[in-house]
Amino acid sequence: MQAIAVHGGAGRIPEELRPEHGEGIRIALQAGRQVLTQEGSAVEAVMAAVVVLEDLPAFNAGYGAALNSEGYVELDAGLMEGRALEIGAVAAIRDVQNPIRVCRVILQAPQIFFSGADASRVAREAGIESVDPDSLISPRRLKQRQSGASIPALDSGLAADTVGAVALDEKGDVASATSTGGMNDKPPGRVGDSPLPGCGYYADNKWGACSTTGWGESLARILAARRAIEGLERGLSPSQAARMTVDLLKERVSEGEGGLILLDCQGCFGAYFNSPTMSYGWWSERDGEGVNT
Ligand code: GLY
């Protein structure tokens, strides 16, 4: 059984940008699906999907990510596989367009998490191209900042918060990946939920895989991704477990806006969000396919 799902973030996607979001989701889904159908692993599939979204300026990750209060990009990402519970994560990296590729390197290391300049060093040592941090700032982000308009943290006015993917491969392995520029106007060095295992993502071959999006501080407080997996452990369907987690977010924390995608080990997909929009899509041998913006 093979399945993959991707999201382009919870937020408030303006009507005119929804086609661009939908197209990005379709391309990412196709990239991940192709890996799976060519007998690639769930890890490779989520990586392929997230790299697509990191490269597209419509999404808040990689190129085109949100700018912090000093006007530059700091990226966070996390990757997990469900067989041995291996993890690779980076935080506040400034000179790599695809932080999820650095996560892939760390996934194979004894450590699980590198931040800042040392995450950049790990990338360089692995031969991942280092880019000029200014090259990650998209024209839209620059224009938005130069307009001087106040930008709500979760409402980029351009896109939404964070991208992610979950997958199940033919061997029964699951994986999860999440990548973000974080909240708009965040202070330098601020890290949200996205690179934190159990908060922004989680994967366990016994139950399934999850990627979350939304207010990072809130998602971290309830360990959102692990909480969704716990729903599967308790016998909930992925849709029920997704809803239970987002409802808990609202109940327990004041800035509780967000959403998640969740895949179980049978290839069943679920998603839920309480923000005005969340773009996502799925393909599963069991559940068919679809895109929502
Ligand atoms: N969910 C992304 C962040 O808060 O950084």
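Parameters at a glance
- Residues numbered from 1 in each chain as written.
- Predicted model: local features only at pLDDT ≥ 70, side-chain atom pairs only at ≥ 80, totals over all residues.
- Heavy atoms only, no water.
- Helix = DSSP H or I, 4+ residues; strand = E, 2+ residues; numbered from the N terminus.
- Rg over C-alpha atoms; globule rule 2.2 N^0.38 Å.
- Buried < 20%, exposed > 50% of the residue type's maximum accessible area, 1.4 Å probe, protein only.
- Contact = heavy atoms within 4.5 Å.
- Areas by Shrake-Rupley, 256 points an atom, 1.4 Å probe, with all protein chains shown as cover.
- Lys, Arg positive; Asp, Glu negative; His and termini not counted.
- Charge placed at Lys NZ, Arg CZ, Asp CG, Glu CD.
- Near = heavy atom within 4 Å.
- Polar contact = N/O pair within 3.5 Å; in protein donor to acceptor, adjacent residues only side chain to side chain.
- Pairing = 2+ DSSP bridges.
- Salt bridge = Lys/Arg side-chain N within 4 Å of Asp/Glu carboxyl O.
- Axes fitted to C-alpha atoms, helices over the stretch in contact; angles between N-to-C directions.

Some points on the overall build of the chain
- Counting its secondary structure elements, the chain contains 8 helices and 13 strands.
- In terms of C-alpha radius of gyration, the chain reaches 17 Å, essentially the compact-globule figure of 19 Å for 293 residues.
- Looking at the 293 residues of the chain, the share that counts as buried comes to 59%.
- The contacts in the chain between residues at least 6 apart in sequence include a share of 67% that link residues at least 24 apart.
- In the structure as shown, the chain presents an accessible area of about 11100 Å², 48% of it carried by carbon and sulfur atoms.
- The chain carries 26 positive and 38 negative side-chain charges, and their two centres are separated by 3 Å.

A look at the site of the ligand
- The ligand sits among D161, T162, T180, G182, M183, R190, G192, D193, S194, G214 and G216.
- The separation between a nitrogen atom of the ligand and a polar side-chain atom of D193 is 2.7 Å.
- For the ligand, a nitrogen atom lies 2.7 Å from a polar atom in the backbone of G214.
- In the complex, the protein chains occlude 100% of the 200 Å² of accessible area that the ligand would expose alone.

Observations regarding the pairing of strand 6 (residues 163–168)
- A large share of strand 6 lies buried, amounting to 6 of its 6 residues.
- Looking at chain direction, strand 6 and strand 7 (residues 174–180) are connected through 6 bridges and run antiparallel. Counted as the bridge partner of A167 is A175 from strand 7.
- In this antiparallel pair of consecutive strands, strand 6 and strand 7, the connection spans 5 residues, and G172 shows a positive phi of 90°.

Structural notes on the pattern of salt bridges
- Counted according to the given criterion, the structure contains 12 salt bridges.
- Here R121 makes a salt bridge to D118, at a shortest N to O gap of 3.3 Å. Highlighted residues: R121 and D118, both in helix 4 (residues 116–125), separated by 3 residues, approximately one helical turn.
- Given a relative accessible area of 31%, R121 falls into the partly exposed group.

Here we look at the environment of N274
- Mapped onto the fold, N274 is located in the loop between strand 11 (269–273) and strand 12 (277–284).
- Sequence separation between N274 and E44 is 230 residues; the distance between their C-alpha atoms is 30 Å.
- Leave out the neighbours within four places in its chain, and N274 touches V246, K250, G256, E257 and G258.
- A distance of 2.8 Å separates the side chain of N274 from the backbone oxygen of G256, its partner in a polar contact.

Considerations on the environment of G8
- Tracing the backbone shows G8 in strand 1 (residues 3–11).
- When the C-alpha positions of G8 and G181 are compared, they lie 12 Å apart, and in sequence the two are 173 residues distant.

What about the sheet that holds strand 9 (residues 208–214)?
- In space, the 4 strands of this open sheet follow the order 8-9-10-11, with antiparallel pairing throughout. A single partner strand is all that each edge strand has here, and the edge strands are strand 8 (201–204) and strand 11. For this sheet, the mean angle separating the axes of adjacent strands, direction not counted, is 10°.
- When strand 9 meets strand 10 (residues 258–264), the two strands line up antiparallel, connected through 7 bridges. Following the sheet pairing, T213 is matched in strand 10 by G259.
- Packed on one face of the sheet, helix 7 (residues 224–233) meets strand 8, strand 9 and strand 10 and runs near 140° to strand 9.
- Strands strand 10 and strand 11 of the sheet are contacted by helix 8 (residues 238–252), whose axis makes an angle of about 20° with strand 11.

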